[in-house]
Amino acid sequence: MEDSWKDKISTPALLVYYDIMKENIEKMAKFAKENNVKLRPHVKTHKCPIIGKMQLEAGAKGICVARVGEAEVFAENGFNDILIANEVVNLTQIKRLVELNKTSLVRVCVDSEQNVLDLNKIASKNGVNLEILIEVDIGLGRNGVKPGEPALKLANLILKQPNLKLVGLQGYEGHLTSVIDPELRKTQTEECLRLLVDTRDLLNNNGFDIKYLTASNTVTYKFSAKYNGITELQPGTYIFNDEHYYRVSPEFDIGATVLGTVTNNPGKRLYTVDAGLKATTNDNGNPTFKNYPKCKIRVMTEEHSIFRTGPKDNFKIGQRVELYPSHICTTVNLYDFFTIIKNNEIFDKWEILARGKNY
Ligand SMILES: Cc1ncc(COP(=O)(O)O)c(C=O)c1O
């Protein structure tokens, strides 16, 4: 049987198709190079040092992580240019961040005066200098100081801190991930990035010398790369893509699926698969079926999903099915390892070492 390798896998399992992932890595790296912009992939999508190394080998300058726990895992595995593209406010986490900076470069974003003071205090207690970026809220409304004067005020406070060095600005236009129309997405991306570049200009007109501007994601990278002033892209999801993002960025094939086994046939055209909410998240909608576009999930519970088939689809108990997760980043965080598929065979198992390291 062509796909007999699937029967050897204990389900539910997270599959990664090596060739698709590699092509996605190379596509983004080539794009960044051609557009003369640095690439710093966000590894929160895969949390796997083996994959992070493939991204560096393809030309990425360093990596982004979201959490100190992730930074620790990647630093232990040889990564020494890490940006925590997020704020670290918790004092115990600041201590760990400072500790990490004794051996690796781990930059962090700030967006509040209290956080600046705390970072400086703990850094100076430990004789460490920290490089930091101001995160500017360019529209998402989640993190970041407001553009313009509030950012300048924070920059002036940082200037007074002997153990902190302001090296750049971060903006994240994450609220544009569902804007399907490319023209609208381009206009809206540019409106966001203008806030970041204008803030840089304000700071530089007031004595700063900021050149490093980092932004973007899998659905805005094309426009961000061409926006004058942006020096670095930080996309994450492109590496595997998922059902949700594929609608907006179809240039990246979906390279990760969840393999499940059909366990029951509770009604006419209704089947149960052993992949529920502990196997694939549904925060961006229910997963869909690879090769069976007419199958639709009706209910997801912890261990199972119940789905209705198309009129011509036939399933047997024990049959393997593959699901496309709607949000691959939260799905990856559920697994200990990827099963890597290459040349239609099981190639390897790669540990997701930073899985669960969200603290
Ligand atoms: C600050 C930041 N930068 C970059 C990314 C990467 O975005 P994406 O996975 O959509 O490419 C994220 C995603 O959550 C993010 O929070």
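This is a predicted model, so every value here is computed, not measured.

What counts and how
- Residues numbered from 1 in each chain as written.
- Predicted model: local features only at pLDDT ≥ 70, side-chain atom pairs only at ≥ 80, totals over all residues.
- Heavy atoms only, no water.
- 1 Å grid on protein atoms, 1.4 Å probe; cavity = no way out; pocket = protein on both sides within 12 Å on 5 of 7 lines; lining within 4 Å.
- Points joined across faces, edges and corners; volume = space filled by probe spheres on them.
- Helix = DSSP H or I, 4+ residues; strand = E, 2+ residues; numbered from the N terminus.
- Nonpolar A, V, L, I, M, F, W, Y, C, P; charged D, E, K, R; others polar.
- Domains from an automatic or database assignment.
- Pairing = 2+ DSSP bridges.
- Contact = heavy atoms within 4.5 Å.
- Axes fitted to C-alpha atoms, helices over the stretch in contact; angles between N-to-C directions.
- Buried area = accessible area lost by both parts, 1.4 Å probe.
- Salt bridge = Lys/Arg side-chain N within 4 Å of Asp/Glu carboxyl O.
- Parallel < 35°, antiparallel > 145°, perpendicular 65-115°, else oblique.
- Left-handed = near helix turned anticlockwise from the far one by under 90°.
- Buried < 20%, exposed > 50% of the residue type's maximum accessible area, 1.4 Å probe, protein only.
- Phe/Tyr/Trp six-rings, centres within 6.5 Å; stacked < 30°, edge-to-face > 60°.
- Near = heavy atom within 4 Å.
- Polar contact = N/O pair within 3.5 Å; in protein donor to acceptor, adjacent residues only side chain to side chain.
- Areas by Shrake-Rupley, 256 points an atom, 1.4 Å probe, with all protein chains shown as cover.
- Sits in = over half its atoms within 2 Å of the grid points.

Peer 1: Any chance you could explain the layout of surface pockets here in plain terms?
Peer 2: One simple way to see leftover space: roll a probe sized like a water molecule over the atoms. Volume-wise, the largest pocket comes out at about 750 Å³. Listed by contribution, the elements that provide at least two residues to the lining of the largest pocket are strand E4 (81–87), helix H9 (243–246) and helix H10 (328–332). When grouped by side-chain class, the residues that make up the lining of the largest pocket number six nonpolar, 18 polar and eight charged. Three or more residues apiece are contributed to the lining of the largest pocket by two domains, here domain 1 (4–14 + 251–351) and domain 2 (18–237).

Peer 1: Help me understand the sheet that holds strand E5 (residues 105–110), please; the structure alone is not making it clear to me.
Peer 2: Note on sheets: strands pair through backbone hydrogen bonds, and any given pair is parallel or antiparallel. Spatially, the eight strands line up as an open sheet ordered E2-E9-E8-E7-E6-E5-E4-E3, and their pairing is parallel. Edge positions in the open sheet fall to strand E2 (38–39) and strand E3 (63–65), since each of these has one partner strand only. Packing against the sheet, helix H5 (residues 113–125) makes contact with E4, E5, strand E6 (130–136) and strand E7 (164–171), and its axis sits at approximately 155 degrees to E5. Against the sheet, helix H7 (residues 182–205) touches E6, E7 and strand E8 (212–215), its axis set at about 155 degrees to E7.

Peer 1: Got a minute to help me understand the domain arrangement of the protein in this structure?
Peer 2: Many authors give the size of an interface as the accessible area that is lost as the parts come together. Its domain assignment divides the protein into domain 1 (4–14 + 251–351) and domain 2 (18–237). Look at where the C-alpha atoms of domain 1 and domain 2 centre, and you get two points 33 Å apart. Contacts between the two partners involve 16 residues from domain 1, matched on the other side by 19 residues from domain 2. Sorting the residues of domain 1 by area buried against domain 2 places Glu251, Phe252 and Trp350 first, and these three jointly supply 40% of that buried surface. Connecting domain 1 to domain 2 are one salt bridge. A salt bridge links Lys222 to Glu251, with the shortest nitrogen-to-oxygen separation between them at 3.6 Å.

Peer 1: I would appreciate a short explanation of the packing of helix H1 (residues 18–34) against helix H2 (residues 49–57) in the present structure.
Peer 2: The description of two packed helices rests on the angle between their axes and on the distance between the axes. Running from N to C, H1 and H2 cross one another at 40 degrees; their axes reach a closest spacing of 10 Å. Taken together, the axis directions place H1 and H2 in an arrangement best described as oblique. The chirality of how H1 crosses H2 is right-handed. Along its contact with H1, which presents Tyr18, Met21, Lys22 and Ile25, the element H2 presents Ile51, Met54 and Gln55. Partitioning the contact of H1 with H2 into residue classes produces five nonpolar, one polar and one charged.

Peer 1: Help me out: how do you make sense of the side chain of Gln93 in this one?
Peer 2: With respect to the element layout, Gln93 can be found in helix H4 (residues 91–100). Classification of Gln93 by relative accessible area gives buried; the value is 15%. Each residue touching Gln93, except ones within four places of it in the same chain, is listed here: Val68, Val88 and Tyr359.

Peer 1: What is the right way to read the packing of aromatic side chains from this model?
Peer 2: The way to describe two aromatic rings as a pair is by their centre distance and the angle between their planes. Counted according to the given criterion, the structure contains 13 aromatic pairs. Summarising the aromatic geometry, the rings of Trp5 and Tyr17 are spaced 6.4 Å apart at their centres and angled 75 degrees between planes, so their arrangement reads as edge-to-face. You can see Trp5 sitting in the segment before strand E1 (13–17) and its partner Tyr17 sitting in strand E1, a full twelve residues away along the chain. Residue Trp5 shares its accessibility class with Tyr17, and that shared class is buried. Considering the side-chain rings of Tyr18 and Trp350, the 6.2 Å spacing of their centres and the 75 degrees angle between planes classify their relative orientation as edge-to-face.

Peer 1: Can you walk me through unusual backbone geometry in this structure?
Peer 2: The phi angle of most residues is negative, glycine excepted, and most peptide bonds adopt the trans form. With an omega of 0 degrees, the peptide bond between Thr11 and Pro12 qualifies as cis. In this fold, Pro12 is placed in the segment before E1. For Ser216, which is not glycine, the phi torsion reads 95 degrees and is therefore positive. For Ser216, the position within the fold is in the loop between E8 and helix H8 (221–225). In this structure, Arg269 is a non-glycine residue whose phi angle is positive, near 60 degrees. Locating Arg269 in the fold gives a position in the loop between strand E10 (256–267) and strand E11 (270–273).

Peer 1: Would you explain the site of the ligand in this entry?
Peer 2: Near the ligand, the surroundings consist of 14 residues, among which Thr218, Gln234, Gly236, Thr237 and Tyr245 are the closest. Backbone polar atom of Gly236 to an oxygen atom of the ligand: 2.8 Å apart, as the coordinates give it. Interatomic distance of 2.4 Å between a side-chain N/O atom of Tyr245 and an oxygen atom of the ligand. Its free accessible area being 390 Å², the ligand has 91% of it covered by the protein chains. Taken atom by atom, the bulk of the ligand overlaps the largest pocket.

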